[in-house]
Amino acid sequence: MSTKRRKVFLFLTIAGTFLAALAIFRFSLEVPLWISSIISVSLFTLLAVVTSRKPRKFADGFEGKISVVIPAKNEESVIERTVTSIEDSEYASFDIIILDDGSTDRTPEITLELSKRYENVKVIRVPEEEPVHGKAAGLNRAVEMADGDVILVIDADVVIGSDYLSKASKPFSDTKIGFVQTGIRSYDRERFVPSVCDSDFVVTNILMEYLLKPRSFGRGILIRKETFQRILPLNENSISDDRQTSIKLDELKIDGVFNPTISCSESSPETMKALWLQRKRWFLGDLVETLRASTLNFVLYVFVIFLADLSISSLLFRPLSFPGSITVSLLLSLLWAISVHSRIFGVEKIFSVWIGVIVSYFIDLVSLNVCVFIASGRFDKKIEWYKTPRRRKE
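Here is a short report on the structure shown in this document. (Residues numbered from 1 in each chain as written. Predicted model: local features only at pLDDT ≥ 70, side-chain atom pairs only at ≥ 80, totals over all residues. Heavy atoms only, no water.)

## Observations regarding the overall build of the protein chain
Phase 1: Summing up its helical and strand segments, the protein chain has 13 helices and seven strands in all.
Phase 2: Computed over C-alpha atoms, the radius of gyration of the protein chain comes to 22 Å, within 12% of the 21 Å expected from 2.2 N^0.38 for 394 residues, which places it in the range of a compact globule.
Phase 3: Expressed as lengths along the three principal axes of its C-alpha atoms, the size of the protein chain is roughly 70 × 50 × 40 Å.
Phase 4: Expressed as a percentage of the 394 residues in the protein chain, the buried residues total 53%.
Phase 5: Long-range pairs, those at least 24 residues apart, make up 83% of the contacts in the protein chain with a sequence separation of at least 6.
Phase 6: Within the structure as shown, the protein chain displays about 18300 Å² of accessible surface, and the carbon and sulfur contribution to it stands at 60%.
Phase 7: If you average the places of the 50 positive and of the 48 negative side-chain charges in the protein chain, the two averages end up 6 Å apart. (Helix = DSSP H or I, 4+ residues; strand = E, 2+ residues; numbered from the N terminus. Rg over C-alpha atoms; globule rule 2.2 N^0.38 Å. Buried < 20%, exposed > 50% of the residue type's maximum accessible area, 1.4 Å probe, protein only. Contact = heavy atoms within 4.5 Å. Areas by Shrake-Rupley, 256 points an atom, 1.4 Å probe, with all protein chains shown as cover. Lys, Arg positive; Asp, Glu negative; His and termini not counted. Charge placed at Lys NZ, Arg CZ, Asp CG, Glu CD.)

## Brief notes about the pattern of salt bridges
Side chains bearing opposite charge may pair, as long as their charged atoms lie close to each other.
Phase 1: The final tally for this structure, using the stated rule, is 22 salt bridges.
Phase 2: In this structure, Glu-190 engages Arg-191 in a salt bridge whose closest nitrogen and oxygen atoms are separated by 3.6 Å.
Phase 3: Salt bridges sharing partners connect three or more residues here, namely Lys-65, Asp-95, Lys-122 and Asp-147. (Salt bridge = Lys/Arg side-chain N within 4 Å of Asp/Glu carboxyl O.)

## Description of unusual backbone geometry
Phase 1: Here Leu-232 and Pro-233 are connected by a cis peptide whose omega angle stands at 0 degrees.
Phase 2: Locating Pro-233 in the fold gives a position in the loop between helix H8 (225–231) and helix H9 (241–251).
Phase 3: Notably, Asn-74 is not glycine yet its phi reads approximately 55 degrees, a positive angle.
Phase 4: Along the polypeptide, Asn-74 turns up in the loop between strand E1 (66–72) and helix H3 (79–87).
Phase 5: The backbone of Lys-253 shows a phi angle near 60 degrees, a positive value even though the residue is not glycine.
Phase 6: The topology assignment puts Lys-253 in the loop between H9 and strand E7 (256–266).
Phase 7: Residue classification places Lys-253 among the exposed positions, given a relative accessible area of 69%.

## Here's the deal with the packing of helix H7 (residues 192–210) against helix H12 (residues 322–340)
Phase 1: The contact between H7 and H12 brings their axes to 10 Å, and the two run at 90 degrees. Taken together, the axes of H7 and H12 lie roughly perpendicular to each other. Where H7 approaches H12, its residues Val-203, Ile-206 and Leu-207 are matched on the opposing element by Leu-334, Ala-337 and Ile-338.
Phase 2: Here the contact of H7 with H12 is composed, by residue class, of six nonpolar, no polar and no charged. (Axes fitted to C-alpha atoms, helices over the stretch in contact; angles between N-to-C directions. Parallel < 35°, antiparallel > 145°, perpendicular 65-115°, else oblique. Nonpolar A, V, L, I, M, F, W, Y, C, P; charged D, E, K, R; others polar.)

## What to know about the pairing of strand E4 (residues 150–153)
Phase 1: Residues Val-150 and Leu-152 line one face of E4 and the alternating positions Ile-151 and Val-153 line the opposite face, and both faces are buried.
Phase 2: In terms of strand pairing, E1 meets E4 through four bridges, oriented parallel. Of the residues in E4, the one forming a bridge with Ser-67 is Ile-151.
Phase 3: When E4 meets strand E6 (residues 221–224), the two strands line up antiparallel, connected through four bridges. Paired with Val-153 across the two strands is Ile-221, which belongs to E6. (Pairing = 2+ DSSP bridges.)

## What about the nonpolar core?
Phase 1: Counting residues in each nonpolar core, the largest one holds 38 residues, and the members touching the most others are Ile-66, Val-68, Ile-70, Val-83, Ile-96, Tyr-164 and Leu-165.
Phase 2: What Val-68 contacts, discounting residues up to four positions off in sequence, is Ile-86, Asp-95, Ile-96, Ile-97, Leu-152, Ile-154 and Leu-165.
Phase 3: By size, the runner-up hydrophobic cluster in this structure holds 21 residues, among which are Val-69, Leu-99, Leu-139 and Ile-221. (Core = buried A, V, L, I, M, F, W, Y, C linked by side-chain atoms within 4.5 Å.)

## Section: a nonpolar patch on the surface
Phase 1: A cluster of nonpolar side chains, contributed by Phe-362, Val-366 and Val-370, occupies part of the molecular surface with about 250 Å² of accessible area.
Phase 2: Mapped onto the elements, Phe-362 comes out in helix H13 (residues 350–378). (Patch = residues over 30% accessible without salt bridge, like charges linked within 9 Å, V, L, I, M, F, W, Y side chains within 5 Å.)

## Some words on the environment of Asp-88
Phase 1: Inspection of the secondary structure assignment puts Asp-88 in the loop between H3 and strand E2 (94–101).
Phase 2: The class of Asp-88 is exposed, set by a relative accessible area of 51%.
Phase 3: Counting along the chain gives 75 residues from Asp-88 to Asp-163, while the straight-line C-alpha distance between them is 9.0 Å.

## Overview of helix H2 (residues 33–50)
Phase 1: Its 18 residues give H2 an end-to-end C-alpha distance of 26 Å, which sits within 8% of 26 Å, the value for a rise of 1.5 Å per residue.
Phase 2: Residues Ser-36, Ser-40, Leu-47 and Ala-48 constitute the buried set of H2. End-on, the buried residues of H2 take up no more than an arc of 105 degrees, which puts them together on one face. Exposed residues pointing more than 90 degrees away from the buried face of H2 are listed as Trp-34, Val-41, Leu-46 and Val-49. (Expected span 1.5 Å × (residues − 1). Arc of directions from axis to C-beta.)

## Looking at the sheet that holds E6
Phase 1: Read across the open sheet, the seven strands follow the order E3-E2-E1-E4-E6-E5-E7; overall the sheet is mixed. Each edge of the sheet is formed by a strand with only one pairing partner; in this case those strands are strand E3 (121–126) and E7. Neighbour-to-neighbour, the strand axes of this sheet turn through a mean angle of 25 degrees, independent of strand direction.
Phase 2: Sitting on the sheet, helix H4 (residues 107–117) touches E2 and E3, and the angle it makes with E3 is about 155 degrees.

## Focus on the pairing of E3
Phase 1: As judged from the six bridges shared by E2 and E3, these two strands associate in the parallel manner. Within E3, the residue paired with Ile-97 across the bridge is Lys-122.
Phase 2: Each parallel crossover has a hand, and for E2 linked through H4 to E3 it is right-handed. (Right-handed = clockwise from strand over helix to strand, strands pointing away.)

In structure tokens form, the structure reads like this:
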């Protein structure tokens, strides 16, 4: 099928998917109130029970070398703090590989000084005039040069605690485990927009522990080197290395776990505009990679988005309907999960986090709707990368 015909097919498929979601939604509006109540209460009870157990613990035993890979481009405000936080680790055997992807600021000078200061820091420089840039291309280069048993990928604005490497790598004591994704937090969550991002991270951490299948977030992920080599090369025209990685790990049936016992912290957008552009880049990359891998999975993805749209609409206009009551049940389940695990996941203001994640999910849903149509028209093209403005952790 030609590219033009496939685009027409996708737009028609999206329209059909919306009509299917609308038909199911209209049918659900006719469900009697007493049935809606029973199902909603049952759903809340089930989710409450599922999310009430204590997070799993992992045994000690892994002592292999960890290579920390940091893709970096124009990161002069944050790269030194990131490297310093890693160097403060209590873990015995690790090295750091910084991939300077054609930086035009002071990143080359800073990373050179860091390589002189620390013997275990290596710097790979990709000239600005190199035809191929980006995180995926950088990982293709860096992974082959790494000599660690496990490779940890973090972004240049991420900071970790001294016990991060020790705790994050514990699951590898089980030789069947091929990758480990750790939690993510925002380190500048005292401001409104970063606090919204952090709320999203908190709930995602909880959901990953109890309900969702382990996947790559693109940072804070540890992968055995031999496993990483099996999923290379990554598509260098992609802006979603994490989605690519997740798809390939799934295709190869690699066993992985989410490790809730430790999180790394990153800088978050400080304005609503920056948050919108970040989420647009996240979801556009996610949808494009899903579409490239499987049209069926893309259609299912879109179907869920449209059902979420209609459910939110029912919450506003017909809150006592079946979809409205289910939405309320899910939101209350989130509040329950946050409150139950507030101490374990480091939640200080339970209600604020709950409100923050509702705001975040609304922005996500709007962004997803926009990205559905962009993805169906640009799946065959390179998509521009949006970089969130950095703020150095004080």
